[in-house]
Amino acid sequence: MSDVAWPAPPQGACTLPERLEAEVAILGAGIHGAALARELTLRGVSCALVDKGEVGGGTSQWSSQLLHGGIRYMLTGDIRQMREGLAERATWARIAPRRCHWEAFWMPHRSWPEGLAHRVGIGLYDFWGSERPGWPAELSLGHVSKEAFLADPRGVLGAFRGATAYADLMTWDRDLTRDLAASSEAMLLEFHEPEGFEQGDGGLKLLHLRDRRDGSARQLAARRWVFALGPWTDGAMARWFGETRKRLRLSSGIHLWFDGVPGCERPWAIRRPKGRILFVIPRDGMLQVGTTEREVEDGWVPILEAEREELFGALEANLPSLPWREMPVRAEELGVRPLVAASGATTHLSREAVLERHARLPNLTLVLGGKLTTARALMDRLATDLTGLRCEASTTAPLRLWDGQAAQIR
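Keep in mind it's a predicted model, so treat the numbers as computed, not measured.

Q: How would you sum up unusual backbone geometry? Please name residues and give values.
A: Of the consecutive residues glycine 290 and threonine 291, the connecting peptide bond is found in the cis state with omega at 10°. Relative to the assigned elements, threonine 291 resides in the loop between strand E14 (286-290) and strand E15 (294-296). Positive phi values are uncommon outside glycine, yet phenylalanine 191 reaches one of about 55°. Inspection of the secondary structure assignment puts phenylalanine 191 in the loop between strand E7 (187-189) and strand E8 (192-200).

Here's what the structure looks like:
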């Protein structure tokens, strides 16, 4: 976890006292940590949300920004995980309507048999995901007319003969993470570096922190502890407790951003070998493309030229009508997927999450793996386990907007 990789903290200092207490301490203010803070607040349980950076400032800002069931799970046969994602997609549409919007994604096909397979598979995907709160009436699903397909610059010159449209939900991942934090009453400790723990008979008791803004020291006491550190979990466990067991495999994926292209109005999802989908998505006046797959060792890694070349090669092979290499890259980003450790290629590992109760520290739970779409449901389950309290409002209470919060919450 290189200090060089973490963004420098802003000017100023935290006004919180030197010693702090909470019922639950959450380390990691990504999508899982922020979602858990909201869940605990809904149950009336005090919590602290700690991060070396800022809320949503790590890998939770570099996802594909989709709240989806996982159309590729249809291809891999993981129907259970797909249906769980589809149910959660509807929940996000209810509780975060100002951070989400529905889209009709086009999946193009190269031949009529492939087109028929898409119609059947996508038909099941949309049938199982038929709960779509706020679905725009102007968006149509199923067969894309030949006229509409050829009106898109991506639909000419290449091998594709048509497309089938399916529904999915687009979001802004960092804003969504911040809204979850703003929807909590968590004691927020951004830019605080954990330096060491004090332990007792029941496990962890106290965390020593260093404020990265002014160097001041703080102590945080809690009864229960949750580490939602994403791809930095293994490194933190090695540094803080000397553990060498690898719980995660890390897979990086990159996105490139180009200027918007007239006529490219719908997001495209193109099937590629080995199961990964090539997305070409018009977003915020630009065109986002991705993603790739590379196993890495850390949450902060640079983009390799080979990854850029892989993405350009996929774009040229599938969508030759656009001059990709002549189009300037306006931005690029790399996100790291934390996958639960197993043998085999990372392309075949599940995005399922595991909640691990630490064997030696009984009041510590580790959040391993997971993804944006199912983070709320997973943290709802964890909060119920921690408190013994269920909360129906988790799936209905609208999120508060981060930028509408008072300054002390930030």
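Q: Let's hear about the pairing of strand E1 (residues 19-27): which residues, and what values?
A: Of the strand pairs in this sheet, E1 and strand E10 (residues 217-227) are connected by eight bridges, and their pairing is parallel. Residue leucine 27 lies in a different strand from E10, and its bridge partner there is phenylalanine 227. Sheet topology note: the E1/strand E2 (residues 47-50) ladder contains four bridges and is parallel. Along E2, the bridge assignment pairs leucine 27 with valine 50.

Q: So, the nonpolar core: which residues are in play, and what are the values?
A: Core analysis: the largest hydrophobic core is formed by 58 residues, its most contacted members being Phe227 and Trp324. For this core, the element with the highest residue contribution is strand E11 (residues 248-259), accounting for five residues. Excluding anything up to four places from it in sequence, phenylalanine 227 contacts Leu27, Phe197, Leu204, Met237, Trp240, Phe241, Leu364, Thr365, Leu366 and Val367. Core analysis: the second largest hydrophobic core is formed by 39 residues, Trp102, Leu169, Leu188 and Ala383 among them.

Q: I'd like a rundown of helix H3 (residues 79-95), residues and numbers included.
A: Residue pairs three or four apart in sequence face the same way in an α-helix, which turns once every 3.6 residues. When the terminal C-alpha atoms of H3 are compared, their 25 Å separation across 17 residues agrees well with the 24 Å that a helix rising 1.5 Å per residue should span. Inspection of H3 places Gln81, Met82, Gly85, Leu86, Glu88, Arg89, Ala90, Thr91, Trp92, Ala93 and Ile95 among the buried residues, and these make up the whole buried set.

Q: So, the layout of surface pockets: which residues are in play, and what are the values?
A: Taken as a whole, the second largest pocket encloses approximately 210 Å³ of empty space. Taken together, 15 residues make up the lining of the second largest pocket; nearest its centre are Asp234, Lys246, Leu248, Leu250 and Glu297. Tallying contributions element by element places helix H7 (residues 233-241) first for the lining of the second largest pocket, with four residues. For the lining of the second largest pocket, the per-class residue count stands at seven nonpolar, one polar and seven charged.

Calculation criteria
- Each chain has its residues counted from 1, following the order in which its sequence is written.
- With the structure being a predicted model, the display of local features is reserved for residues of pLDDT at least 70 and the display and counting of side-chain atom pairs for 80 or more, all residues being used for whole-chain, interface and lining totals.
- Each side-chain value is worked out from all heavy atoms of the structure, with water and hydrogens disregarded.
- Numbering goes from the N terminus for both helices and strands, where a helix is a DSSP run of H or I of at least four residues and a strand is a run of E of at least two.
- Two strands pair under a simple rule: DSSP has to find at least two bridges between them.
- As used here, the term nonpolar core means buried Ala, Val, Leu, Ile, Met, Phe, Trp, Tyr and Cys residues forming a set that is joined through side-chain atoms within 4.5 Å.
- Only protein chains enter the calculation, and the probe is 1.4 Å; a residue is then buried if its accessible area is under 20% of its type maximum, exposed if over 50%, and partly exposed in between.
- Two residues form a contact once any of their heavy atoms are found within 4.5 Å.
- A helix is expected to reach a length of 1.5 Å times the quantity of its residues less one.
- Using only the protein atoms, space was sampled on a 1 Å grid; points where a 1.4 Å probe fits but cannot get out form cavities, open sets with protein on both sides within 12 Å along at least five of seven lines form pockets, and lining residues are those with an atom within 4 Å of a point.
- Grid points are joined across faces, edges and corners, and a volume is the space filled by probe spheres set on the points.
- The residue classification treats Ala, Val, Leu, Ile, Met, Phe, Trp, Tyr, Cys and Pro as nonpolar and Asp, Glu, Lys and Arg as charged. All others, Gly included, are polar.

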